[in-house]
Amino acid sequence: MEPLDRRIVQLLAEDGRMSFTDLGKQTGLSTSAVHQRVRRLEERGVIRGYRAQVDHSETELALTALISVTPFDPAAPDDVPDRLRHLHQIVSCYSVAGEESYVLLVRVASPLALEDLLARIRAASNVTTRTTVVLSTPWEDRSAITDT
């Protein structure tokens with residue numbers, strides 16, 4: 001990716017509502033040139049969408065946890081993501097190397113809701129789980145795009 005495109009992606013990752021005019025000021029491009037570059041980045045799938053950043057401590061889903069998932073039978077089909085897709089408390093599903101097969105990022109309202117979700121995960125996918133409860137989040141959703 002070209003350095004200017006990388007810079008545009010970085011700026012939009014930090015502020016998805018940044019105007020084409022402001023992007024142009026930050027990159028030294030004209031507004032129309034920025035618009036064309038953003039459109040091409042969207043068409044190529046580099047930019048897949050724009051979303052609101054939510055302070056989950058202000059919502060009814062203030063408890064965040066990471067759940068490591070290990071199948072009971074390693075020879076069984078690897079369909080855990082499909083079996084868990086219907087559980088909307090699972091925000092992200094990461095396939096990982098190591099002992100566990102997947103790590104799930106979940107958001108729930110309470111410890112009781114987490115306990116219920118763990119039971120549903122185990123029942124739906126025939127796995128064992130190991131859970132880490134998040135106490136605080138100093139930062140998240142940081143863009144890994146750099147201009148160097």
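As the structure is a prediction and not an experimental result, all values here were calculated from the model.

Colleague: Quick rundown of the pattern of salt bridges? Include the residues and the values.
Modeller: Taken as a whole and assessed by the stated rule, the structure comprises eight salt bridges. For Glu140, the salt bridge identified is with Arg107, shortest N-O distance 3.2 Å. Separated by 33 residues along the polypeptide, Glu140 in the segment after strand E4 (127–133) and Arg107 in strand E3 (residues 102–108) bring together distant segments of the chain. Where Asp116 meets Arg120, a salt bridge forms, and the shortest distance between an N and an O atom there is 3.2 Å.

Colleague: Which residues make up the side chain of Asp5, and what values do they have?
Modeller: Topologically, Asp5 is positioned in helix H1 (residues 3–14). Of the residues examined, Asp5 reaches a relative accessible area of 6% and is grouped as buried. When near neighbours in sequence (up to four residues on either side) are disregarded, Asp5 contacts Arg37, Leu41 and Arg44.

Colleague: I'd love a proper account of the sheet that holds strand E1 (residues 63–71), names of residues and values included.
Modeller: A sheet is described by the order of its strands in space; here four strands give the open sequence E2-E3-E1-E4, paired in antiparallel fashion. Strand pairing shows two members of the sheet lacking a second neighbour, strand E2 (90–95) and E4, which therefore form its edges. On average, each strand axis in the sheet is tilted by 20° relative to the strand beside it, whichever way the strands run. Summarising the sheet, E1 and E4 pair through seven bridges and their orientation is antiparallel. The partner of Val69 across the bridge, within E4, is Thr129. Lying on the sheet, helix H5 (residues 111–125) is in contact with E1, E2, E3 and E4; it crosses E4 at an angle near 155°.

Colleague: Just give me the short version of the nonpolar core, but keep the residues and values in it.
Modeller: Looking at soluble globular proteins, one finds that nonpolar side chains tend to be buried together. Of all hydrophobic cores here, the largest spans 17 residues; its most connected members are Ile67, Leu104, Val106, Leu114 and Ile121. Sorting the residues of this core by element identifies E1, helix H4 (80–84), E3 and H5 as the ones contributing at least two each. Sequence-distant contacts of Leu114, defined by excluding residues within four places in its chain, comprise Leu63, Ala65, Ile67, Val106, Val108, Thr131 and Val133. Counting residues in hydrophobic clusters, the runner-up holds 10 residues, among them Ile8, Met18, Leu23 and Ile47.

Colleague: Account for the pairing of E2, naming residues and giving values.
Modeller: Two strands pair when backbone bridges link them, and E2 and E3 are joined in this way by five bridges, in the antiparallel orientation. By the bridge assignment for E3, Ile90 is matched with Val106. Following E2, the chain reverses through six residues before pairing antiparallel with E3; Gly98 in that reversal takes a positive phi of roughly 120°.

Colleague: So what's going on with H1? Residues and values would help.
Modeller: Look at H1: 17 Å from first C-alpha to last across 12 residues, which is about the 16 Å you get at 1.5 Å a residue. Among the residues making up H1, those that are buried are Asp5, Ile8, Val9, Gln10, Leu11 and Leu12. As for H1, its buried residues are in contact with helix H2 (20–27) and helix H3 (31–43).

Cut-offs used in this document
- Residue positions are given per chain, counted from 1 along the sequence in the order it is written.
- Side-chain atom pairs in this predicted model are given and counted only at pLDDT of 80 or more, local residue features only at pLDDT of at least 70, and totals for whole chains, interfaces and linings cover all residues.
- Values shown for side chains rest on all heavy atoms present in the structure; no hydrogens or waters enter the calculation.
- We define a salt bridge as a contact between a side-chain nitrogen of Lys or Arg and a carboxyl oxygen of Asp or Glu at a distance within 4 Å.
- We count a stretch as a helix when DSSP gives it H or I for four or more residues in a row; a strand needs E for two or more, and each element gets its number in order from the N terminus.
- Each residue's exposure class comes from its accessible area (1.4 Å probe, protein chains only) as a fraction of the maximum for that residue type: buried when under 20%, exposed when over 50%, partly exposed otherwise.
- Note on contacts: a residue pair is in contact if any heavy atoms of the two residues lie within 4.5 Å.
- The pairing criterion is simple: DSSP has to find at least two bridges between the two strands.
- The convention used is that axes are lines fitted to C-alpha atoms, helices contributing only their stretch in contact, and that angles between N-to-C directions extend from 0 to 180 degrees.
- For this analysis, a nonpolar core means a set of buried residues of the types Ala, Val, Leu, Ile, Met, Phe, Trp, Tyr and Cys, connected via side-chain atoms within 4.5 Å.
- Helix span is expected to be 1.5 Å times the residue number reduced by one.

Geometry only, nothing functional implied.
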